Amino acid sequence: MNQKSLFESDFQAPYNLLPKDGVVQYFESFLDHRDSQAFHNKLLHNIEWQHDVLFMFGKKITTKRKVAWYGDKDINYTYSKVTKLSTPWTEELLYLKKLVEEKTETNFNSCLLNLYHDGSEGMGWHSDNEKELKKNGTIASLSLGAERRFNFKHTNTNDRISINLANGSLLIMKGETQAYWKHQLPPSKKILSSRINLTFRTIV
């Protein structure tokens with residue numbers, strides 16, 4: 001198993017973070033600190049947040065973190081045996097979507113938002129490979145708020161890569177990334193403030 005930890009000084013976009021089987025690019029200062037904090041505060045209060053509900057091993061689990069699903073009309077998304085119905089875009093989300101689309105040269109029709117209240121809340125290993133998502137499509141992940149560690153693990157070789165996602169940063173995952181790599185947001189007791197993550201997606 002190979003493991004590599006990447007920090008901001010180690011590479012500059014648009015170089016590929018992954019050694020093989022996919023493309024991941026990182027833009028540390030996609031938004032400046034002032035705009036990042038302003039959008040974090042607006043979304044914290046203006047988004048229709050709900051606790052996520054998952055079904056694992058036959059049991060219904062309600063997460064501490066909160067989620068929201070926004071998108072074009074009738075864009076629904078099913079994962080962990082739960083279907084989410086799209087909420088109409090807000091003015092802030094449309095503005096951010098436009099910025100992300102210009103950077104990625106990709107059109108998105110939906111966005112999954114996650115609210116992590118502090119470092120005790122995270123996300124386990126998974127791939128965004130649900131059947132509704134465009135195959136080998138682009139997923140653009142915008143981070144607002146607390147800086148968090150983000151890990152990748154190759155499904156066959158177990159190679160691992162870690163990166164710190166800064167406030168206002170944009171992580172772009174595309175190509176075969178979801179087919180060959182899992183990712184996670186590990187918990188950390190040291191982080192006491194909140195993080196909002198927006199993943200812009202294309203549902204087909």
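Scroll up to find the structure.
My aim in this report is to walk through the structure given alongside it, one point at a time. (Residues numbered from 1 in each chain as written. Predicted model: local features only at pLDDT ≥ 70, side-chain atom pairs only at ≥ 80, totals over all residues. Heavy atoms only, no water.)

**Some details on the pairing of strand 9 (residues 139-145)**
1) Next: Judged by how many residues are buried, strand 9 sits mostly within the fold: 7 of 7 residues are covered.
2) Next: One ladder, built from 4 bridges, connects strand 9 with strand 12 (residues 170-174); its direction is antiparallel. Looking at the pairing, Ala140 lines up with Ile172 of strand 12.
3) Next: Relative to strand 14 (residues 195-201), strand 9 runs antiparallel, the two being bridged by 6 bridges. Bridge pairing in strand 14 places Ser141 opposite Thr199. (Buried < 20%, exposed > 50% of the residue type's maximum accessible area, 1.4 Å probe, protein only. Helix = DSSP H or I, 4+ residues; strand = E, 2+ residues; numbered from the N terminus. Pairing = 2+ DSSP bridges.)

**Points about the packing of helix 1 (residues 33-46) against helix 2 (residues 91-104)**
1) Next: Orientation of helix 1 relative to helix 2, taken along the N-to-C sense of each, is 135°, at an axis distance of 10 Å. In terms of axis orientation, helix 1 runs oblique to helix 2. Seen along the crossing, helix 1 lies across helix 2 with a hand that is left-handed. On helix 2, the residues that touch Phe39, Lys42, Leu43 and Asn46 of helix 1 are Glu92, Leu93, Tyr95 and Leu96.
2) Next: Each residue belonging to the contact of helix 1 with helix 2 can be placed in one class, and the counts come to 5 nonpolar, 1 polar and 2 charged. (Axes fitted to C-alpha atoms, helices over the stretch in contact; angles between N-to-C directions. Parallel < 35°, antiparallel > 145°, perpendicular 65-115°, else oblique. Left-handed = near helix turned anticlockwise from the far one by under 90°. Contact = heavy atoms within 4.5 Å. Nonpolar A, V, L, I, M, F, W, Y, C, P; charged D, E, K, R; others polar.)

**With respect to the side chain of Ser110**
1) Next: Counting through the fold element by element, Ser110 comes out in strand 7 (residues 110-116).
2) Next: The exposure class assigned to Ser110 is buried, which follows from its relative accessible area of 0%.
3) Next: Polar side-chain contacts of Ser110 include one of 3.2 Å to the side chain of Asn109.
4) Next: In this view, Ser110 contacts Trp69, Tyr70, Gly71, Ile75, Trp89, Thr199, Phe200, Arg201, Thr202 and Ile203; residues no more than four positions away in its chain are not counted. (Polar contact = N/O pair within 3.5 Å; in protein donor to acceptor, adjacent residues only side chain to side chain.)

**Observations regarding the side chain of Ser162**
1) Next: Positionally, Ser162 belongs in strand 11 (residues 160-165).
2) Next: Here the side chain of Ser162 touches Asn151 through a polar contact of 2.6 Å, side chain to side chain.

**So, the pattern of salt bridges**
Pairing between side chains of opposite charge can happen when their charged atoms approach one another.
1) Next: Under the defined criterion, the tally for this structure stands at 5 salt bridges.
2) Next: Arg65 is the salt-bridge partner of Asp52, the closest N and O atoms lying 2.8 Å from each other. With Asp52 in strand 3 (residues 50-56) and Arg65 in strand 4 (residues 59-71), this residue pair connects regions lying 13 residues apart in the sequence.
3) Next: One salt bridge connects Lys97 with Glu101, and the closest N-O pair in it is separated by 3.0 Å. On the criterion of helical spacing, the pair formed by Lys97 and Glu101 is a turn pair, its members being 4 residues apart in helix 2. Neither Lys97 nor Glu101 differs from the other in exposure class; each is buried.
4) Next: Several salt bridges share partner residues, and in doing so they unite Asp52, Arg65 and Lys84 into one network. (Salt bridge = Lys/Arg side-chain N within 4 Å of Asp/Glu carboxyl O.)

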